[in-house]
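Report on the structure
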Amino acid sequence: MPKYVFTTGGVVSSIGKGVLSASLGLLLEARGFKVAMMKLDPYINVDPGTMNPYEHGEVFVTDDGAETDLDLGHYERFTHAKLSQKSNATTGSIYNAVIQKERRGEYLGKTVQVIPHITDEIKSRIRLLTAEPEDDADIAIVEIGGTVGDIESLPFLEALREFRLEVGPPNCCFIHVTLMPFIEAAGELKTKPTQHSVQTLRQIGIQPNVIVCRTGKHTLGAEQRKKIALFCDVPSEAIISAEDISPLYAIPVNFKKQGLDEVVLRLFNMELPPSELGEWEAMVERMARTTEEVRIAAVGKYTGHDDAYKSINEAFVHAGIANDCKVRLTWIDSERLEKGEEPDQLLPPFDGVLVGPGFGNRGIEGKIKAVRFVRERRIPFLGICLGMQIAAIEIARDLLGLAEANSTEFEPETPHPVISLLTEQRGVRDMGGTMRLGAYRCELQPGTRARAAYGADVIHERHRHRYEFNNEYLEAMTARAGAVVSGIHPHGDHQLVEIIELRDHPWFCASQFHPEFKSTPLKPQPLFREFVRAALEQRKNRA
Ligand code: GLN
């Protein structure tokens, strides 16, 4: 049986529990332990797949096609934990399962209640995470979304309290992450909100073992540490200061200095093998040394929300690491291009342009304008998912003379549906979990940019979309427009187009899959890496 770490949040939301959990996972792996990671989310959506990115941030997709919370992206970028459908459970998915069991008659004779039925289901999900032999782990880290004190989190916290009793207190470690506001007038960090939040947790029956204090620009002093230790009943070495640190990947190094992993392992009475974080630390140092900069414009729709394209932003950081440069990424709302601003006013300061994923009509024509501009001006271009579909539409309109080419998502009656639904998607009515989701095999064609970038003939990348390139236009695209289909997925008796490139262009590559989901700081994603390399080249040529 694994040991369990539960991370909760106090005082405010967005406190950084995800990065804390991922960082701890990394530190434990650095000492040779195998970790499993999980997130419990207290909202009623069965998964975040149906939520607007403005509302919730990016939807992260796993290999097995789970649409999950973006914190799972942090887990994958920091650790080797294998994430799947089992790694994210929401209130909605828990209730869904309980209600289905009730309908099947599995609780026959009983009144179905939050305690014990919902809490039992939560506990069984936590156990399920490491139930299969191939999933076994030394330590399972389970993050609980939301803030302690919320009505929604109560069943989860009650389940954890019971869980601790069932597996035995020495096998559980509770880490509470809280905010310590700095009050200018007093000139100090205030511990009171933390005290109250811990009191709330204790009312529920959970005593934290470790408290991680978010202190903004300030560092936790000895005085405050003593105060929190006294009022919250936590030894002072288990009170960790978490000031704002940039880059993100330097955060685990700060936790290591304060011995976060040691505190947890001692609590579990586990041995302390030496920590081997060298490769990670070298990567962080390398990031700090880069002076060169490359500017990329990302054309998208949800540009008002920092987290809406989380994995793309991170993949660019990784591509920067691979090219020893800093990528300065600027998100541009495609509606600006649609409403009259011209690409040559908006795009020229940039060395490369990305058109990102998205759903729905808004801003589409602006994205098409952006693709035309970079194609004609020979500026490096990367298209992702919707970005590939836009590239196909633009090429069809301009190079094949099909002025009304479109996707049936935006224009169901278009005479030239270059992007359309596969027959198997036509009857689908439910929106949740019904897209083409998760990792698919992609065969790369020799002599293409994609093949050169990956250095492999077969890759597996993750998808999240409903529409596909329409093979009726394949012949025209390749023979007449000079496009190259460099990646295909064999699908029954036909093939699905996975990557489109342009031959006569410095670097123009667009994928139907989402390359950003598998990028990590130690293993930058090949398409991002080569795109940034081409952008650097572009910058040098211009200079
Ligand atoms: N809206 C497009 C589709 O469903 C693209 C989705 C995406 O970019 N993830 O196919």
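Preceding block: the structure.
A brief structural summary. Being a predicted model, the structure only gives us computed values, none of them experimental.

Some points on the environment of Ile 364
As for its placement among the helices and strands, Ile 364 is situated in helix H15 (residues 364-377). Of the residues examined, Ile 364 reaches a relative accessible area of 3% and is grouped as buried. Sequence-wise, Ile 364 and Phe 410 are 46 residues apart; in three dimensions their C-alpha atoms are separated by 8.3 Å. Setting aside anything within four residues of it in sequence, one finds Ile 364 in contact with Glu 338, Leu 386, Ile 390 and Phe 410.

A few points about the packing of aromatic side chains
A full pass over the atoms with the stated rule returns 13 aromatic pairs. The interplanar angle of 40° and the centroid separation of 5.3 Å between the aromatic rings of Phe 78 and Trp 280 together place this pair among those described as tilted. Of this pair, Phe 78 sits in helix H3 (residues 71-78) while Trp 280 sits in helix H11 (residues 278-289); the two residues are 202 residues apart in sequence, bridging distant segments of the chain. Across this residue pair, the class does not change: Phe 78 and Trp 280 are buried. Between the aromatic rings of Tyr 249 and Trp 280, the centroid separation amounts to 5.8 Å while the plane-to-plane angle is 75°, which identifies the pairing as edge-to-face. Pair noted here: Tyr 249 is in the loop between strand S11 (239-242) and helix H9 (251-257) and Trp 280 is in helix H11, with a separation of 31 residues, a long-range link. A single burial state applies to Tyr 249 and to Trp 280, both of which are buried. Lying over the aromatic face of Tyr 440, Arg 436 brings its terminal NZ or CZ to 4.5 Å of the ring centre.

What about unusual backbone geometry?
Look at the link from Ile 115 to Pro 116: it is a cis peptide, with omega at 10°. By the element assignment, Pro 116 lies in helix H5 (residues 114-128). Here the bond from Ser 246 into Pro 247 is cis, since omega is 0°, no more than 30 degrees from zero. On the secondary structure map, Pro 247 appears in the loop between S11 and H9. For Ser 14, which is not glycine, the phi torsion reads 55° and is therefore positive. Tracing the chain through its elements places Ser 14 in the loop between strand S1 (3-9) and helix H1 (17-30). Phi at Cys 385 takes a positive value of approximately 55°, unusual for a residue other than glycine. For Cys 385, the position within the fold is in the loop between strand S15 (381-384) and helix H16 (386-399).

Some remarks on H5
Its 15 residues place the ends of H5 20 Å apart at the C-alpha level, agreeing with the 21 Å of an ideal helix rising 1.5 Å per residue. Every buried residue belonging to H5 is among His 117, Ile 118, Thr 119, Glu 121, Ile 122, Lys 123, Arg 125 and Ile 126, and all of these are buried. Of the surrounding secondary structure, the elements contacted by the buried residues of H5 are S1, strand S2 (35-41), strand S5 (88-90), helix H4 (91-104), strand S6 (139-144) and helix H6 (154-167).

A closer look at the pattern of salt bridges
Evaluated as defined, the whole model comprises 48 salt bridges. For Arg 464, the salt bridge goes to Glu 67, with nearest N and O atoms at 2.7 Å. Here the residue Arg 464 occupies a position in strand S19 (residues 458-465), and Glu 67 occupies one in strand S4 (residues 67-68), the gap between them amounting to 397 residues. Taking relative accessible area as the criterion, Arg 464 reaches 11% and is therefore assigned buried. Classification of Glu 67 as buried rests on a relative accessible area of 6%. Here Asp 244 and Arg 214 are joined by a salt bridge, their closest N and O atoms 2.7 Å apart. Of this pair, Asp 244 sits in the loop between S11 and H9 while Arg 214 is found in strand S10 (residues 210-214), placing the two residues 30 residues apart along the sequence. Judged by its relative accessible area of 49%, Asp 244 falls in the partly exposed class.

Quick word on the state of the cysteines
This structure, assessed with the given rule, holds 0 disulfides. Cysteine Cys 213 shares no disulfide, and the gap to the nearest cysteine sulfur, in Cys 232, comes to 8.2 Å. Given the relative accessible area of 0%, Cys 213 is considered buried. Of all cysteine sulfurs, the one in Cys 509 lies closest to Cys 325, which takes part in no disulfide; the gap is 18 Å.

Points about the site of the ligand
In the vicinity of the ligand, the contacting residues are Pro 357, Gly 358, Phe 359, Cys 385, Leu 386, Gln 389, Glu 409, Arg 464, His 465, Arg 466, Tyr 467 and His 514. Here a nitrogen atom of the ligand and a backbone polar atom of Gly 358 are 3.0 Å apart. Gln 389 is positioned such that a nitrogen or oxygen atom in its side chain is 3.1 Å from an oxygen atom of the ligand. For the ligand, the accessible surface in isolation is 300 Å², of which the surrounding protein chains cover 99%. Elements that contribute at least two residues to the shell around the ligand include exactly H16 and S19. A per-class count over the shell around the ligand returns 5 nonpolar, 4 polar and 3 charged.

Considerations on helix H20 (residues 526-542)
For H20, spanning 17 residues, the distance from its first C-alpha to its last is 24 Å, which sits close to the expected 24 Å at 1.5 Å a residue. Buried within H20 are the following residues: Pro 526, Leu 527, Phe 528, Glu 530, Phe 531, Val 532, Ala 534, Ala 535, Leu 536 and Gln 538. The distance from a side-chain oxygen at the start of H20 to the backbone nitrogen of Leu 527 is 2.6 Å, and the residue carrying that oxygen is Gln 525.

Observations concerning the sheet that holds S2
Sheet architecture is open: 7 strands sit in the order S5-S2-S6-S1-S7-S10-S11, paired in parallel fashion. Only two strands of the sheet have a single neighbouring strand rather than two, namely S5 and S11. Averaged over all pairs of adjacent strands, the angle between strand axes in this sheet comes to 20°, irrespective of strand direction. Note that S2 and S6 share 6 bridges and pair parallel. In the strand pairing of S6, Met 38 is matched with Val 142. In the packing of H1 onto the sheet, contacts are made with S1, S2, S6, strand S7 (172-179) and S10, and the angle to S6 comes to roughly 175°. Running over the sheet, H5 touches S1, S2, S5 and S6 and is turned about 155° from S2.

Reading guide: rules and limits
Residues numbered from 1 in each chain as written. Predicted model: local features only at pLDDT ≥ 70, side-chain atom pairs only at ≥ 80, totals over all residues. Heavy atoms only, no water. Helix = DSSP H or I, 4+ residues; strand = E, 2+ residues; numbered from the N terminus. Buried < 20%, exposed > 50% of the residue type's maximum accessible area, 1.4 Å probe, protein only. Contact = heavy atoms within 4.5 Å. Phe/Tyr/Trp six-rings, centres within 6.5 Å; stacked < 30°, edge-to-face > 60°. Lys NZ or Arg CZ within 6 Å of the ring centre and 35° of its normal. Expected span 1.5 Å × (residues − 1). Salt bridge = Lys/Arg side-chain N within 4 Å of Asp/Glu carboxyl O. Disulfide = S-S within 2.5 Å. Near = heavy atom within 4 Å. Polar contact = N/O pair within 3.5 Å; in protein donor to acceptor, adjacent residues only side chain to side chain. Areas by Shrake-Rupley, 256 points an atom, 1.4 Å probe, with all protein chains shown as cover. Nonpolar A, V, L, I, M, F, W, Y, C, P; charged D, E, K, R; others polar. Pairing = 2+ DSSP bridges. Axes fitted to C-alpha atoms, helices over the stretch in contact; angles between N-to-C directions.

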